[in-house]
Every structure is written in C-alpha cells, then in structure tokens.
Amino acid sequence: MEQFKHFPVMAKEATDALNCQNGKIYVDATLGGGGYSAIIAEKISPDGKLFSFDIDDDAILAAKENLKNYKNITIIKSSHTNIANCLKQIGIEKITGGVVYDFGASYYQLTSKDRGFSFSKEAPLDMRFNKNDDFSAYDVVNNYNEENLVKIFSEYGEERFSKRIAKAIVEYRKKKKLETTLELSNLIVQTTPRIKTKIHPATRVFQAIRIEVNSELENIKNTLINILPFLDTGAIISTVTFHSMEDRIVKNFFRDNSKKFHDGKLEILTKKPITATTEEIKQNPPSRSAKLRIAKVIE
Ligand SMILES: C[S@@+](CC[C@H](N)C(=O)[O-])C[C@H]1O[C@@H](n2cnc3c(N)ncnc32)[C@H](O)[C@@H]1O
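J.: Please clarify how the domain arrangement of the protein should be interpreted in this entry.
T.: Assigned domains within the protein: domain 1 (11–108 + 216–297) and domain 2 (131–213). With eleven residues of domain 1 at the contact, the number on the domain 2 side is eight residues. For the pair domain 1 and domain 2, the two sides together bury roughly 840 Å², of which 41% comes from carbon and sulfur. When the buried area of domain 1 at its contact with domain 2 is split by residue, Glu216, His243 and Met245 rank highest and sum to 51% of it. On the surface where domain 1 and domain 2 come into contact, there are two salt bridges. Across the pair aspartate 58 and lysine 131 runs a salt bridge whose closest N-O atoms are separated by 3.0 Å. On inspection of domain 1 and its partner domain 2, the count reaches four residue pairs in polar contact (both at pLDDT 80 or more). Going through the elements one at a time, helix H3 (57–66), helix H11 (216–227) and helix H12 (244–256) are the ones with two or more residues in the side of domain 1 that touches domain 2. Looking at which element gives the most residues to the side of domain 1 that touches domain 2, the answer is H11, with three residues. A class-by-class count of the residues in the side of domain 1 that touches domain 2 yields three nonpolar, three polar and five charged.

Given below as structure tokens:
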C-alpha cells in the first residue's frame, strides 16, 4: 500500500462542535486516517468512548497505526449508514455525546495510483471506497445507458458537456469496453472543447462516477435518518461536506427535523454553514469548498 496521506479539513471546528466531555460516547462516522478521531479521543480521555467507522480497508489500516496509543477508540469496518445496528450489537443503547461526519473521499483515495479515482494515473476503472463491493466505475462506464450517463454527469458532476461525453462513451463501447482511468480521461479530453480553465476536463465526470459508485448522496440521507433516533438528548451532529449537493441534503435534513420549523427534535446551531479560515485554505486548498453544519438534539 502507498503511504496513507490525508490532511484533515476543519478538524478543530468540526470536533470542537461536539463539545467533547469525558465519560460520554462519541462516534466518528468517517474515520479516514484518524485525524478527527485522535482529537476527540484526546478530549474525552480517560472515561469517554469513541467508535470510529470506515469502509475502506486502507483507511482502517492506516488509522489503526496512527491511533494505536489511544485506549478509548474502537474501530469498526462498516458503513456509517449502519452505525446504530453495529453499536446495539455491542451493547450501546445511545450516542450520548455526538457524531461527526467528514463526507467524501480522503486525499489518499483520490490520489492513490491504484484505486482508480485519479484521471491522471493509469489504473483499472474502480473508485470503490469498499473493496468488498462488487459494483465499480467499470460497471457505470460500460453498462449505464446514454441517458443515465448524462443524468449522473449533469447531476453529480454539474458537467456542461454531459451529452457529448455520454455519447462518446457509448460510441467507444461499440468497439471495446473502457478498462482504465486514462482511457476514459483521454476520451473526455478528445470529446470536449478546449476551454481555458484551471481544472482538468475529466474532473467533473470522475467526481460524478465516484459519487454514483459509492451511493454517496443516498448514504448521507440514510445515515442521518438512521442516526437521529439513536442520539441522546443533548448529543451533537457535526457534518463537513464538500459539494453543494451534499450540503443541501444536510441542510434540508436539519431543517425538516428542527423544533423551530417542524416540531422535530433538533436545534440548528449554524444558521449559515461555517467555512475554513483563509489560513487553512492557503495551507490546504481543498478545504475551500468545505461547509460545516452543526445541530443538537433537544428533545
Ligand atoms: C474525508 S475522509 C475522512 C477523513 C478523516 N476525518 C480524517 O481526519 O482523517 C472520508 C472517509 O469516509 C469514508 N467513507 C465513505 N463512505 C463511507 C461510508 N458509507 N461509511 C463509512 N465511511 C465511509 C471514506 O472511505 C474516507 O476514508
């Protein structure tokens, strides 16, 4: 495995939001390299408990090593959509402290040379967060019909040349299957007009395929629905998102479950999302699109 690198985004803000207290139960729903988990574990020592979830074996391996000195962390390989069931199985009835989500992919996943997320590194078309899943980028690119390709490129990638790209993929497939990242990225480059922009022409399509392969948007909806009944009064939900589509799902969920607007059990603590400081954006440019939203269970 390549060296696991990830630069946690808004780590201080997202974990401060949890108002960590010794003795309570916390969940890091998206462990990654364990950046957030280390901060939480430190704050809740010695009697607090942290349960950290991920579905990527590489992340879990790296985090286990990074967090090996903390005694109060349990790492669980499972989707965050299944947190409540996993915790019930080990005798936990409620999350008393809070849960933090840092949605999307890690730097390691996006740049790793063999995971198939990068349009500039030759690899089989893969992009699965969970290597045990059967469904990969190969299936999307080779099996989706033209209409569905257009839909995901437009909706998840906001790609303006969705139709041309989808058509080119379908034409190409008549001769042979698309096997690799560079095969797809070269096809996109050939198909789209040369316009002056800082981003590579394949960026948006690769993002869209990644979101589709990993059901990222459905998972955000489902995890929030499933976790809410499992949060004790006073517990916090802290979420970091990177795309407007993700942010909209969190925003709507908070609003639909807020005491103020729908007699729900949440108090929204961030009227507007919190964004990264200019200092952080300078040091870690991907943080520029991060949005942090926080809510508290007040029932
Ligand atoms: C942005 S990274 C998290 C980085 C982490 N906060 C840190 O400080 O290192 C997102 C992580 O979420 C994981 N992930 C994606 N979908 C998931 C799911 N359904 N359940 C659990 N983890 C998931 C990815 O594998 C990735 O490791």
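Anyway, onward from the coordinates.
J.: Mind showing me how you'd approach helix H10 (residues 203–213) here?
T.: Structurally, the α-helix is built with 3.6 residues per turn, so residues lying three or four positions apart point the same way. Taking burial as the measure, the eleven residues of H10 include nine buried ones, the bulk of the element. Within the sequence span of H10, burial applies to Val205, Phe206, Gln207, Ala208, Ile209, Arg210, Ile211, Glu212 and Val213. Looking at the residues trailing H10, positive phi occurs at serine 215, about 45°.

J.: Help me understand the packing of aromatic side chains in this model?
T.: Both the distance between ring centres and the angle between the ring planes are used here to describe each pair of aromatic rings. A complete count under the given rule lists six aromatic pairs for this structure. Between phenylalanine 117 and phenylalanine 129, the ring centres sit 5.8 Å apart and the planes meet at 25°, which makes this aromatic pair stacked. With phenylalanine 117 in the loop between helix H5 (107–111) and helix H6 (137–143) and phenylalanine 129 in the loop between H5 and H6, this pair connects stretches of sequence that are twelve residues apart. For the pair formed by phenylalanine 117 and phenylalanine 129, the shared burial category is buried.

How each quantity is defined
Residues numbered from 1 in each chain as written. Predicted model: local features only at pLDDT ≥ 70, side-chain atom pairs only at ≥ 80, totals over all residues. Heavy atoms only, no water. Domains from an automatic or database assignment. Contact = heavy atoms within 4.5 Å. Buried area = accessible area lost by both parts, 1.4 Å probe. Salt bridge = Lys/Arg side-chain N within 4 Å of Asp/Glu carboxyl O. Polar contact = N/O pair within 3.5 Å; in protein donor to acceptor, adjacent residues only side chain to side chain. Helix = DSSP H or I, 4+ residues; strand = E, 2+ residues; numbered from the N terminus. Nonpolar A, V, L, I, M, F, W, Y, C, P; charged D, E, K, R; others polar. Buried < 20%, exposed > 50% of the residue type's maximum accessible area, 1.4 Å probe, protein only. Phe/Tyr/Trp six-rings, centres within 6.5 Å; stacked < 30°, edge-to-face > 60°.

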